[in-house]
Every structure is written in C-alpha cells, then in structure tokens.
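Breakdown of the fold
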Amino acid sequence: MRVSLISLGCAKNLVDTEIMLGSLLKDGLEIVNDAARADAVIVNTCAFIDAAQEESIDTILESAQVREAQNRGQALIVSGCLPQRFRGELPRLLPEVDAFMGIDQVAQVSSIVQQALQQRAQRMRNAERKKRNSKSSAAARLAELNQHLAATTHDQEEHPSGSEKFDKTKAAITQPAPRGARPARVDLPASGLRHPAPPLVNVHVRPSYIPDYATPRFRLTPRHFAYLKIAEGCNHPCSFCVIPRMRGGHRSRPQADIIAEARQLIADGVKELNLISQDSTYYGFDLRPNRAASIASPEKFSAAAKNLPATAPTLCTLLRELNALPGHFWIRLLYTHPAHWTDELIQTIAKCPKVARYVDMPLQHIHENMLERMRRETSRQYIVDLIRKIRADIPGIAIRTTFIVGFPGETEACFQALLEFIRETQFERLGVFTYSQEAGTRAAKMDDQIPDGVKRRRRDQAMAEQLQVARRICTSFVGRTIKVLIEQETSADELRNANVFSWEHGLIRETSAGRSALDPRRYFVARGEADAPDIDGRVYVRGEQPLGEFAFVKIIGHTDYDLTAEPP
C-alpha cells in the first residue's frame, strides 16, 4: 500500500508528520512522493490564522482534483489542526475527504488509512451520486466555513484553564454513524454533496497525546538538525489565539524521555537540537506535585518556580542535562513566553555553552492597552526590564520576537509606540503579523476592528523600521569571524528570492536587492547562532564547505538581512 503525505504549517506540525511517516513505515506501508501513484493521500493541515486555513483547504481541493483526474479510488485523509478546530463542520464543507483525524491519532494513522480506503470504496460503489465542484476556491470554502461556525457548540468553549466543561470533554467523535442516524442540522448550500457513506471522523475534542521516544519517527529535516518536541498544548488565555482550543492544555514529556531522544539524534549526526512546544518556558510545571491550576502571570510563575521540589523537571534542568550530553552540537530554544522567564533560566543559558545565544520570545505588542486587550499577562515595564536583564547576563544573545499590528482598538498612538519600541530595542530578529480575526476568539468579537488596508500599511511601516535595524546589525558583523552550521550549496540566482513568511513568525523580510554585489563564485548557505532554520537570516559562504558541519567563517559583507562570508 502506497501513501503520500503533504505537511503544512509549523515545526510542531512537521514533527507530527514525521511520527505519522514513522508509524506508516513500521506497519509496512510504502511512502511515495508522487501523490498520483498513492493509494491514499494525507494532508496534515494548519489552522493558525485565516491565510493558513486557506492554504490548507486549497491543498485539500487540489489533491481531490488530482485524484479525480488520475486515481479515483484513492483515499483522501485530512489530519492536524484544521479538523481539530473545525471537527463539526469539515465533513459537510469538504465532502471530497474520506477521513478526518485529530492530533491524538497520529500514531494510529495506519489503521485510519485502511478505514479510509474502505470508506472510499464504499463511496465509489454509488455511481449516481451528485458531485460538488472541487474547483471552487479555497477562499469560498473558508468563507462558508466561517459562516456556519456560529451554528456549532464547540466555538463557544472557553480556554482550557477557564472552563470546567472544556477540561472534562475528552470524548472522541467517531463515524461512520449508525445507518439512519440524523446529524445535527447545519444548513448547506444547494451544491452540497450528501454521500451515502459519511466520512470517517476520529478527532478527540480535547487532545491529550504527547509523543515519546518509543514512537516511530521518520525525520524530514536534513541530517544535521532536528526538531525536538518537549511539550504539547498551551494554557495561555491570549484573546487572539485558537491554539489552546486546537492543541489542548499544556502537557510536558518526561525529561528522561526527551534526553533519550536527544542522545539518539546526536548519535545520528544531528548538530542542532531545536526545542519546540507551544510554550517552552512552561515545561515541567504541569508535572509539579499538587498542582491546582495553570500559572499565567509572571509573579505567580516566579513564586511557583521557587517552591518547586529540587527534583522537579523544568526547562532549566532540561537544558543543563542536554548541555551535559557528549558531542559537538547546538541547543536552540524556541517558543518561549515572556511571562515565564526567570532569573534561573537566564543564568542557565549563560552557563551552558551548547545552548545557542538565541532567544525566541514573541511579545506581540508593547503598548499597555494592547497588551491588556491581548491578555498577554505582561506590562511594558516588565518587558523592558526582562530584555535588559537577558542582554546584560547573556553576552552576545540574539533576541527574536514577533508583533501583531492592526489588533482591535490599536490607535495610531498605540502603533507609534510600537514603532518607537522597535527603534529603541534594536531586535536582532523580528517578524510582523497583520491581525487575523479568528472566529471563536475573544478578540474576534471586540469593537474597533481595524480595516485591512490599515493593517497592511502598519505592517509595512513596522517592517521598514526593522529593515533599518537589520542593516545596522548586519554591518556590525563585517570583519568578525563567527561559527556557522553549513546547510547546503546554493547559487547567486537563489539569493533574489528573499521573502520569508511563516504562520508563526509573520512577515520576516521583504525582497532584498542586496547591499553588496555577489560574485559568480560558488556559495554555500550557512546559519549562525542567531539564525533558526527557515525563519531567520542566512550566511552565504564563498568556497567549498563541509555540508552539515560547523565551520568558522569571516564576514566580508551583507545584504539587507543576510551576511556574506569566506573562510578566515
């Protein structure tokens, strides 16, 4: 049996994809890159913001069109955040799909593929059914999805830390339903397809799955770096975000399990361990004894950290144990929340030489009104003091952050305060989102929504400010010798495609024409400590370099966002 898998979204989603691939291979299924040759196609989706949802739906519809043209017996399966978020609506919105599966089901994917193939065969036996036009745009389907969202009950669920109902809802939705059963009514357009066999839907309302070392995993990243998921879910009440509803509450992996996986990755040649979760700074706190509830505010978090038993796992204990592993590698810390930084964490990073001098800490805004409306649990002064302390105690640290512009109620004065903060703070790495009005969030119902044109203008202004900062930072590197990780060979033509956008890190750069001409000699792409995979800057090194290994290079120039170098 042949399976093709398309992975969309963030690094955390990519790890889920790798687990599915590992499970499929363990169970004897064949993985193929050509979807037309596959018996089943899985689309692992993202639903973080509206643009990500549209990309997911568009990919599903394209896969259905390929199937219709070349392999009509092929099963189409949709996994990941889209069915987690819209589990009630998708079977009706996307009748092309044979099975929907949630986050908890990634390790059972082989069984779901088998069921989806049976489902597809049953559907194919009815040759007279109506067809819905799969060529309708993803934007149209997404608009229809949002239109019907209000008819469902799960949209009213609160954040997991604030709703007893949400916390205690763990039932799975399973189909096909008994023959003759009547589903909840959601009006459909006249073109809607009613299949004789409803799609399989296996989605837990509240996910509880956590990967472990014993779970099979087939890595899709290059040999020299890997993503290491240390926790799943999130407890934060941010008013703009749907992640807790999709991914569930925070749940940490046992520290020994993470260390076992790290050892294996290092033995396999990994030179960079990228620690990922929804909130890495909360790692271990859900495992503390006698915990009553999640901890959000900095004051409560610091107090809880001081009262932990000496043997309790935390991000600090994890970093120290990873740092003690033998080998020559980097540890990169991603997805930290500013409310959960402690003095101990700062000192731990400073004392662990294998931890990259890099902090990924989304701040989202700096104006007090915006921070309060966003429910970010931090104040402007707290953020200013935290950044000052991090930079003072960890020499050479690079701070990456993201900001949201056009949030409901953001006045021109609020936005100007943000621009001034960008100029003053001089972030080494920065991305900008335009606010996405996500159904089911508190922010979506707020007054004073900002027009799209104003959002785009503010994003462009913020990126223009950061461009000046980026140029100054790049200039400061010229003449220095730095340690880099060599990624791959490239060409001068590839350097012209410099736009970088991700669903988690916003618009990161605009097209860079460059500030120094690149000669036609051979180039290799590398990353320094300040550069996370796929989202940050690059170092273009002239001359032959060892792929997947560390090297020291001398910086000789820069473009708007990237550095050029040669052997010292």
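Above this text you will find the structure in question.
The rules we used
- Residues numbered from 1 in each chain as written.
- Predicted model: local features only at pLDDT ≥ 70, side-chain atom pairs only at ≥ 80, totals over all residues.
- Heavy atoms only, no water.
- Helix = DSSP H or I, 4+ residues; strand = E, 2+ residues; numbered from the N terminus.
- Buried < 20%, exposed > 50% of the residue type's maximum accessible area, 1.4 Å probe, protein only.
- Contact = heavy atoms within 4.5 Å.
- Pairing = 2+ DSSP bridges.
- Axes fitted to C-alpha atoms, helices over the stretch in contact; angles between N-to-C directions.
- Patch = residues over 30% accessible without salt bridge, like charges linked within 9 Å, V, L, I, M, F, W, Y side chains within 5 Å.
- Areas by Shrake-Rupley, 256 points an atom, 1.4 Å probe, with all protein chains shown as cover.
- Salt bridge = Lys/Arg side-chain N within 4 Å of Asp/Glu carboxyl O.
- Parallel < 35°, antiparallel > 145°, perpendicular 65-115°, else oblique.
- Left-handed = near helix turned anticlockwise from the far one by under 90°.
- Nonpolar A, V, L, I, M, F, W, Y, C, P; charged D, E, K, R; others polar.

Here the focus is the overall build of the chain. Per the secondary structure count, the chain includes 16 helices and 22 strands. Looking at the 568 residues of the chain, the share that counts as buried comes to 59%. Look at the contacts in the chain between residues 6 or more apart in sequence, and 79% of them connect residues 24 or more apart.

Moving on, we come to unusual backbone geometry. Its identity as a non-glycine residue notwithstanding, Q364 has a phi of 75°, on the positive side. Turning to its location among the elements, Q364 is positioned in the loop between strand 13 (358–360) and helix 13 (368–374).

Let us look at the sheet that holds strand 8 (residues 225–229). Here we have three strands laid out as an open sheet, ordered 8-11-12, and parallel in their pairing. A single partner strand is all that each edge strand has here, and the edge strands are strand 8 and strand 12 (330–333). Recorded for the sheet is a direction-independent mean angle of 25° between the axes of neighbouring strands. Bridge count for strand 8 against strand 11 (residues 272–276) is five bridges, and the pairing is parallel. Paired with Y227 across the two strands is N274, which belongs to strand 11.

Our focus in this paragraph is a nonpolar patch on the surface. Taken together, L25, F218 and L220 make up a surface patch of nonpolar side chains, about 260 Å² in accessible area. Of note, L220 is situated in the loop between strand 7 (200–204) and strand 8.

Time to look at the packing of helix 9 (residues 255–267) against helix 11 (residues 315–323). Where helix 9 meets helix 11, the closest approach of the two axes is 11 Å, and the angle between their N-to-C directions is 30°. Classified by the angle between their axes, helix 9 and helix 11 sit roughly parallel to one another. With respect to the hand of their crossing, helix 9 and helix 11 are arranged in right-handed fashion. Contact residues: helix 9 offers Q255, I258, I259 and A262, while helix 11 offers T317, L318, E321 and L322. Across the contact of helix 9 with helix 11, the residue classes tally to five nonpolar, two polar and one charged.

Another aspect to go through is the packing of helix 11 against helix 12 (residues 343–351). One way to put it is that helix 11 packs onto helix 12 with a least axis distance of 9 Å and a crossing angle of 10°. It follows that helix 11 is roughly parallel to helix 12 by the angle criterion. Contacts between helix 11 and helix 12 involve L315, C316, L319 and R320 from the first element and E344, L345, T348 and I349 from the second. Here the residues of the contact of helix 11 with helix 12 sort into five nonpolar, one polar and two charged.

This brings us to the sheet that holds strand 22 (residues 563–566). With mixed pairing, five strands are arranged side by side around a closed barrel as 16-19-20-22-21. Within the sheet, the average angular offset between the axes of one strand and its neighbour, ignoring direction, is 55°. Bridging between strand 20 (residues 539–542) and strand 22 involves three bridges; their strand directions are parallel. Directly across from V541, in strand 22, lies its bridge partner A565. Strands strand 16 (481–490), strand 21 (550–558) and strand 22 of the sheet are contacted by helix 16 (residues 452–477), whose axis makes an angle of about 120° with strand 21.

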